[in-house]
Amino acid sequence: MNLAFFEDIYYENFLPIAYTRPVYEIRCSIGPLYQKISRMFPEAKQVFFTRDYLAPVFSNRVKGSPVNRVEALDDDTLFVNGALLPSKNLKEIITRNMGKNVVVLQQGRVAFAYLRESLCGELGDLFTKPIGDMEIQKIKEKVEVKEVDGLTLLEYPWEIIDYSVELLSEEFSLVSKGESEGYIDDGVKIYGDPKKLYVARDAVIEAGVVIDVRKGPVYVGEESLIQAPSRIDGPAYFGRDNQVFGALIREGCSFGDVCRLGGEIEETIFQGYSNKRHRGFLGHSYVGEWVNLGALTTNSDLKNDYSNVKIYVKQRLMDSGRIKLGCFISDHVKTGIGFIMNTGTVIGVMSNVLSSGEPSPKLIPSFCWYFRGKFSKGLGLSSMIETARIVMSRRGVSLTDEEVQLFHKLYELTREEREKLIRRSKARRRF
Amino acid sequence: MSVEERVKKIISEILGLDESEIKREARFVEDLGVESLDVVEMIAAMEEEFNIEIPEEEAEKNVTVGEAIEYIKKKLGENA
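Below is a summary of the structure that appears in this document. Since this is a predicted model, take the numbers as computed values, not measurements.

What counts, and at which threshold
Residues numbered from 1 in each chain as written. Chains lettered and ligands numbered in written order. Predicted model: local features only at pLDDT ≥ 70, side-chain atom pairs only at ≥ 80, totals over all residues. Heavy atoms only, no water. Phe/Tyr/Trp six-rings, centres within 6.5 Å; stacked < 30°, edge-to-face > 60°. Helix = DSSP H or I, 4+ residues; strand = E, 2+ residues; numbered from the N terminus. Buried < 20%, exposed > 50% of the residue type's maximum accessible area, 1.4 Å probe, protein only. Lys NZ or Arg CZ within 6 Å of the ring centre and 35° of its normal. Disulfide = S-S within 2.5 Å. Pairing = 2+ DSSP bridges.

### Considerations on the packing of aromatic side chains
Residues and elements named next belong to chain A.
Here comes step 1: Taken as a whole, this structure holds 20 aromatic pairs over all chains when the rule is applied.
Here comes step 2: Both rings, one in phenylalanine 79 and one in phenylalanine 127, keep their centres 4.0 Å apart while their planes meet at 15°; by these two values the pair is stacked. Here phenylalanine 127 lies in the loop between α4 (117–123) and α5 (133–142) and phenylalanine 79 lies in strand β5 (residues 77–81), a separation of 48 residues in the sequence. Here the two residues phenylalanine 79 and phenylalanine 127 agree in accessibility, since each one is buried.
Here comes step 3: An aromatic cluster is present here, built from Phe5, Tyr24, Tyr34, Phe48 and Phe58 joined pairwise through their rings.
Here comes step 4: When the ring centre of phenylalanine 41 is taken as reference, the NZ or CZ atom of lysine 91 above it lies at 5.7 Å.

Shown next, in the form of structure tokens:
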């Protein structure tokens, strides 16, 4: 059987953080969303469908798995919406509906579909771009349609943070090997059951570190280093080669590989390869890859009047329904020292933002500079790409031609929203 | 005001310098202490003042104030 992940048009709600990856590759708890479903079907061959402009870059990241290749559907195929969250009975729901051609909808969205090989060739093409009403209609004409209760499809990016926190405790057992293989100094104070702390090979926790696993487990990945004085409250997950410098890591954090962490962080996801090396608070937030948050960068995740946080989705301000919500920071964003992010701030890909002494605007488009309270195009895309090249090389990673092409494509896709705000800034200039 | 006067006025306001200090032969980086943020702000201000588009790769070729003035004059000529 093939297991094919696809996106639907709700991916737009996840922009700009999903400009550089399919929604199903966004980290949630111990890994990307899609891995949770993959684990349920370990024998299946994985196939991925995503937006055209992402396919070359994503192919490099999932080497060996076909991306946007309908001809790879050479067997009966289970198509799964990458925004589908795992639940205890999800595998049972899915397998109960396999065997004949069927599409399972959840409030009008395709949650999953099972197509016999004979139909994959005919309908497979529909999955090569994000599924919308038109594609759903075409599928419905060919297969049985079912509505099933008990399925959850992600609709907004902040839901990923919610579920990440929920899943961290549950998924600990998938990565913990029981007895720690790394080094835990005798001077480390553990509150709670020590078995809920797992320190992987070549990882080190220095004397003076406090780890509290009473509310959830803590996983420290290979070659990671936790320096004193740090306090880590579980549940928390640190990927490979994380370095934590005198930090207060409060409950509900998930850090991908190669992050540098300091200050106070709470209920936050780092996709990986990003730095928040210094003091400053970050809470209820998402941070993409290759982000650098300057010293004292801080976000608000709670309004002073305790009202719901409003946040930009598809360039419109909407009520998140959450009292606590921080910021969403896309790949390659850089913040200067002392940058203060308003509650519910969204920062686009590769933007460079500096403190103006006041909380930031709630929306900073991709590929722009924000400083002295104004938006500008900065030194342009070429300069941003060169910076990315330097940043990545410092971690031994090369910027690929496919990534450069993606940035050029995204630069054009985001031009209008960026130039609108730059024009407004120019109109505010006084000479 | 001439193009030269307008350019010098923008530079003086962004850098906080007296206009008399801004000579045509002054180099932005070495003589006026311009750094990247100033460059970005100057480009934006010039674009707004003269209603022109200044590509970053062209802007960085203007090493001196005089070169910037001539560049803008040329752009205005092109636009005319």
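Having seen the model, we can carry on.
### Re the state of the cysteines
Here comes step 1: Counted according to the given criterion, the structure contains 0 disulfides over all chains.
Here comes step 2: Looking at A:Cys28, it has no disulfide partner, and the nearest cysteine sulfur is the one in A:Cys253, 13 Å off.

### Considerations on the pairing of strand β6 (residues 102–106) of chain A
All names here are of chain A.
Here comes step 1: With 5 of 5 residues buried, β6 is to be regarded as a mostly interior element.
Here comes step 2: With burial as the criterion, each face of β6 is covered, one bearing Val102, Val104 and Gln106 and the other bearing Val103 and Leu105.
Here comes step 3: Bridge count between β6 and strand β7 (residues 109–115): 5 bridges; the pairing is antiparallel. Bridging across to β7, leucine 105 finds its partner in valine 110.
Here comes step 4: Hairpin connection of β6 to β7: 2 residues between the antiparallel strands, including glutamine 107 at a positive phi of 50°.
Here comes step 5: Judged from the 4 bridges that link them, β6 and strand β8 (residues 144–147) form a sheet pairing that is parallel. Bridge pairing links leucine 105 to glutamate 147 in β8.

Function-wise, these values are silent; they only describe arrangement.
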